[in-house]
Amino acid sequence: MTVKITAFLPCRAGSERVPHKNIKPFCNYNFGLIEIKLKQLDKVEEIDEIVLSTNDFDILEYANTLKIEKLRVHKRNEQLSSSQTSTDQLVKHALHLIPQGDILWTHVTSPFVTNKHYDEIISCYKNKKRDGYDSLMTVTEIYSFLWQEGTPLNYDRSLEKWPRTQTIKPINEVNSAVFLASSEVYKKNNDRIGSNPYLYKLNKIISHDIDWPEDFVIAECMVEKGIVSL
């Protein structure tokens, strides 16, 4: 039986670090990151529906001009749209909007995760479920000297004070590009991943997340220099 896959795309108004981040012009895209991401998701054949949840009136106005058949636009309640809104609250919100099938949670702030990457991620998710994994999330491997509270996290200084970074055991950073799980996992775990998620690795460039003003500038530079494509 074919399981419906729905993309969940949350876009809150009022970005504090980068004003109007989700819709400000980006390279040759007048409507910026939201335009890029909706076009990418629309090209993914395995995605049956795209649920855009936003309280941003500019995004709502723009989305309503689009002719994307599988796009469902939800005007999010302001109580779920503040900087104080927790991800746990959004998990419940996503499940309320998408009570059945698989939920692919993604963000406009990962513009270099294209339709090709989504195709590969969905295919991997289906294969890994057969191997016993119950969900998938994207990560980026960090090969660096990582410390916390005055002590190393990922190497032993009693063995070697400064090991080569290539030999350090990497730590997986959750890059928030994709979380993929069934609605049943959401119901059981109150979470967007299950108890045994597969960690799907993306490199630093593809997983580039736009969170700060400099991230926006760097992303535009990478596109202009031809390092990445959208």
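Description of the structure in this document. (Residues numbered from 1 in each chain as written. Predicted model: local features only at pLDDT ≥ 70, side-chain atom pairs only at ≥ 80, totals over all residues. Heavy atoms only, no water.)

1. With respect to the sheet that holds strand β9 (residues 197-201)
Reading across from one edge, β3-β2-β1-β4-β8-β5-β9 is the order of the 7 strands in this open sheet, with mixed pairing throughout. Since the sheet does not close on itself, it has two edges, and those belong to β3 (71-75) and β9, each with one partner. Each neighbouring strand pair of the sheet contributes to a mean axis angle of 30°, computed without reference to strand direction. As judged from the 4 bridges shared by strand β1 (residues 5-11) and strand β4 (residues 102-106), these two strands associate in the parallel manner. Within β4, the position partnered with Phe-8 by the bridge is Trp-105. On top of the sheet, helix α1 (residues 32-42) reaches β1, β2 (49-54), β3 and β4; it is set at about 180° to β1, its chief contact. Relative to the sheet, helix α3 (residues 87-97) contacts β1, β2, β3 and β4, its axis offset from that of β4 by approximately 135°. (Pairing = 2+ DSSP bridges. Helix = DSSP H or I, 4+ residues; strand = E, 2+ residues; numbered from the N terminus. Axes fitted to C-alpha atoms, helices over the stretch in contact; angles between N-to-C directions. Contact = heavy atoms within 4.5 Å.)

2. Details of unusual backbone geometry
With phi around 50°, Cys-27 is a residue other than glycine that occupies positive phi space. By the element assignment, Cys-27 lies in the loop between β1 and α1. Since its relative accessible area comes to 26%, Cys-27 is described here as partly exposed. One non-glycine residue, Glu-149, lies in the positive phi region at around 55°. Following the sequence through the fold, Glu-149 ends up in the loop between β6 (147-148) and β7 (151-152). (Buried < 20%, exposed > 50% of the residue type's maximum accessible area, 1.4 Å probe, protein only.)

3. Describing the state of the cysteines
Going through the model one piece at a time under the given rule, you end up with 0 disulfides. Between Cys-221, a free cysteine, and Cys-27, which holds the nearest cysteine sulfur, the sulfur-to-sulfur gap is 8.6 Å. (Disulfide = S-S within 2.5 Å.)

4. Some details on the packing of aromatic side chains
In total, this model carries 6 aromatic pairs according to the counting rule given. Here the aromatic rings of Tyr-133 and Tyr-198 are separated by 5.2 Å at their centres, their planes lie at 80°, and the arrangement is edge-to-face. Here Tyr-198 lies in strand β9 and Tyr-133 lies in the loop between α4 (115-130) and β5 (135-142), a separation of 65 residues in the sequence. Tyr-198 sits in the partly exposed class, given a relative accessible area of 21%. Judged by centre distance (5.2 Å) and plane angle (90°), the rings of Phe-145 and Trp-162 are edge-to-face. With Phe-145 in the loop between β5 and β6 and Trp-162 in the loop between β7 and β8 (171-182), this residue pair connects regions lying 17 residues apart in the sequence. Relative accessible area serves as the criterion here: at 34%, Phe-145 is assigned to the partly exposed category. Here Trp-162 falls in the exposed class, since its relative accessible area comes to 54%. The structure contains a cluster of three or more aromatic residues connected by ring pairs, namely Phe-145, Tyr-155 and Trp-162. The residue whose ring lies beneath Arg-192 is Trp-105, and the NZ or CZ to ring-centre distance is 4.6 Å. (Phe/Tyr/Trp six-rings, centres within 6.5 Å; stacked < 30°, edge-to-face > 60°. Lys NZ or Arg CZ within 6 Å of the ring centre and 35° of its normal.)

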